[in-house]
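Observations on the three-dimensional arrangement
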Amino acid sequence: MVAGGTLATFLVAGAASLFMAWAIGAGSSGSTPFAPAVGANAISVMRAGFIVGLLGLAGAVLQGANVTEAVGRELILNATLSPTAAVVALITAAVLVAIGVFAGYPIATAFTVTGAVVGVGLALGGDPAWAKYQEIVSLWVAVPFVGGGIAYGTAKTLRDERVPESLAVPLLAGLVGAILANVRFVVLGPPGEAASLTGVAATVLPEFSPLLVYAGATLAAAALVAVVLWWDLRGNPEAGQRHFLLALGGLVAFSAGGSQVGLALGPLLPLLDPFAVPLVAVLLGGGFGLLLGSWTGAPRMIKALAQDYSALGPRRSIAALIPSFAIAQTAVFFGIPVSFNEIIVSAIIGSGFAAGGSGVSGEKMGYTVLAWIGSLVLAFTLSYGAFTAVDVLLV
């Protein structure tokens, strides 16, 4: 039997989590995936917001468990978040992200939520999870250099007249197909587990070496995607590029749902134990919050990302989305909370510099980096102080 006070606190925490999911859907997972496609005039702002909401919901349900577990149980040692701590962390992070949405600056949601959860966790008396922090910070620091660098190199290659576009774009599509073949989905694995297409192939063909099956399935997926796009480009190169760009946006939107839902739901996990609520049901609720945010608040941020950072064409947009998809799936696989704003903005800037910095706003870049750092520090400070104050009042 669950006490009435516990149930009431859980409902408040659930409402705070839903608000956090809405804020993320409006300002991160809902705005970033299709921003390059909008910048390249491949899709309208409103249609992008609608589609990304649906794909984000699917990603949340099918890939959201890893990051949700990391945020909820791995950021603090020797302490479990109390209902009050979860509410304080969620409200603090959600308010900061919402301010970024309405101000037009992409606040880094992973920085904000991580700072808020660590803040309340330490105020609660927990110990820092230094190993996990090192893992998280390493990815955060690497993202601008890896994502921006790959986007820069890809955009440079696509702009090089010596490289036939009819060959380069299908090869890039083949790379995306190879990554997709190794992405893990819960629908492909046994109950409670996820599996990739290559993993399924290895299970179906046990008589062959697993390494050989993985390599063969990866190459087959890459070849299939490359050939399909090559055929599409033959008929109408511009339409083929647009189709590839929209497909990439869809994959990034799906990945965003799988990563970002954990930022909204993670603090709720310790509160679920008395209720025996299946994690998939919680992921569905969080995905619904992302969808609402994408439909109601994302268009503003899509416009900001698509137009304010760099004037993107189709080739530079493709160059920005490929590393974004790869980095996002890496973060989902290892259960690391990562900011999609950081991923996409870094890739957009990298691809913009490939054209000599054309349209890249240095002032906007500077304000954005300050907003990222400030959101981490501010979320930690506010959540630590707010929980300490609330704890004193409740004693």
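Let me begin by describing the structure that accompanies this report. Computed from a predicted structure; not experimentally measured.

Thoughts on the overall build of the protein chain
- Broken down by element type, the protein chain carries 17 helices and two strands.
- Relative to its 395 residues, the protein chain shows a buried fraction of 52%.
- Element-wise, carbon and sulfur atoms account for 70% of the exposed surface of the protein chain, whose accessible area totals about 16500 Å².

Thoughts on the side chain of Q241
- The topology assignment puts Q241 in helix α11 (residues 237-265).
- Take Q241: its relative accessible area is 9%, and that puts it in the buried class.
- In terms of polar contacts, Q241 uses its side chain to reach the side chain of E165, at 2.4 Å.
- Ignoring anything within four residues of it in the chain, the contact list for Q241 reads E165, L233, P314, R315 and I318.

As for unusual backbone geometry
- The backbone of N78 sits at a positive phi, close to 60 degrees, despite the residue not being glycine.
- Along the chain, N78 falls in the loop between β1 (76-77) and α5 (83-103).
- Taking the relative accessible area as the measure of exposure, N78 reaches 69% and is therefore exposed.

A few points about the packing of aromatic side chains
- Inspection of the entire model under this criterion finds eight aromatic pairs.
- On the basis of an interplanar angle of 90 degrees and a centroid distance of 5.0 Å, the ring pair of F333 and F334 is categorised as edge-to-face.

Notes on helix α6 (residues 109-123)
- Its 15 residues give α6 an end-to-end C-alpha distance of 21 Å, which sits within 8% of 21 Å, the value for a rise of 1.5 Å per residue.
- Among the 15 residues that make up α6, 13 are buried, leaving the element largely enclosed by the rest of the structure.
- Once α6 ends, the next one or two residues include G125, with phi positive near 105 degrees.

Things to note about the environment of G64
- Along the chain, G64 turns up in the loop between α3 (45-63) and α4 (65-73).
- Taking the relative accessible area as the measure of exposure, G64 reaches 0% and is therefore buried.
- Distance from G64 to G257, taken between C-alpha atoms, is 7.1 Å for residues 193 residues apart in sequence.
- Contact partners of G64, with chain neighbours within four places excluded, come to G59, G258, V261 and L283.

Brief notes about the nonpolar core
- One finds M20, V71, L75, V113, V117 and V120 to be the most contacted residues of the largest nonpolar core, which totals 60 residues.
- Top contributing element to this core by residue count: α5, with ten residues.
- Once residues lying within four places of it in the same chain are set aside, the contact partners of L75 are A70, T114, V117, V118, A129, K132, Y133 and I136.
- Judged by nonpolar contacts, the second largest core, of 39 residues, contains A173, A298, A320 and F340.

What about the environment of A26?
- Topologically, A26 is positioned in helix α1 (residues 4-27).
- By relative accessible area, which is 0% here, A26 ends up buried.
- Taking the C-alpha atoms as reference points, A26 and G53, 27 residues apart in sequence, are found 9.4 Å from one another.

Notes on the side chain of S196
- Residue position: S196 is located in the loop between α8 (165-181) and α9 (197-204).
- Given the relative accessible area of 7%, S196 is considered buried.
- Engagement of the side chain of S196 in a polar contact is seen with the backbone nitrogen of G199, the distance being 3.0 Å.
- Aside from chain neighbours lying at most four places away, what touches S196 is A181, N182, V183, R184, L188 and Y214.

A few points about the layout of surface pockets
- For the largest pocket, the calculated volume is near 530 Å³.
- L62, N66, R184, V186 and A194 are, among the 23 residues lining the largest pocket, the residues nearest its centre.
- Looking at the lining of the largest pocket, the elements that each hand over two or more residues are α3, α4, α13 (279-296) and α15 (314-334).
- Sort the elements by how many residues they give to the lining of the largest pocket and α15 lands first, with five residues.
- What lines the second largest pocket is a set of 17 residues, among which P144, E342, S346, V369 and W372 lie closest to the centre.
- Contributions of two or more residues to the lining of the second largest pocket are made by α7 (130-159), α16 (340-353) and α17 (362-394).
- Here the residues of the lining of the second largest pocket are counted per class, giving twelve nonpolar, four polar and one charged.

A look at the pattern of salt bridges
- Inspection of the entire model under this criterion finds five salt bridges.
- Salt-bridge contacts for E74 lead to K132; the nearest nitrogen and oxygen are separated by 3.1 Å. Here E74 is found in the loop between α4 and β1, whereas its partner K132 is found in helix α7, with 58 residues between them in sequence.
- The exposure class of K132 is buried, given its relative accessible area of 11%.
- Between K132 and E135 there is a salt bridge, with its nearest N and O atoms 2.9 Å apart. Of this pair, K132 and E135 are both found in helix α7, three residues apart, which corresponds to roughly one turn of the helix.
- Through salt bridges with shared partners, a single ionic network connects E74, K132 and E135.

Criteria and cut-off values
Residues numbered from 1 in each chain as written. Predicted model: local features only at pLDDT ≥ 70, side-chain atom pairs only at ≥ 80, totals over all residues. Heavy atoms only, no water. Helix = DSSP H or I, 4+ residues; strand = E, 2+ residues; numbered from the N terminus. Buried < 20%, exposed > 50% of the residue type's maximum accessible area, 1.4 Å probe, protein only. Areas by Shrake-Rupley, 256 points an atom, 1.4 Å probe, with all protein chains shown as cover. Polar contact = N/O pair within 3.5 Å; in protein donor to acceptor, adjacent residues only side chain to side chain. Contact = heavy atoms within 4.5 Å. Phe/Tyr/Trp six-rings, centres within 6.5 Å; stacked < 30°, edge-to-face > 60°. Expected span 1.5 Å × (residues − 1). Core = buried A, V, L, I, M, F, W, Y, C linked by side-chain atoms within 4.5 Å. 1 Å grid on protein atoms, 1.4 Å probe; cavity = no way out; pocket = protein on both sides within 12 Å on 5 of 7 lines; lining within 4 Å. Points joined across faces, edges and corners; volume = space filled by probe spheres on them. Nonpolar A, V, L, I, M, F, W, Y, C, P; charged D, E, K, R; others polar. Salt bridge = Lys/Arg side-chain N within 4 Å of Asp/Glu carboxyl O.

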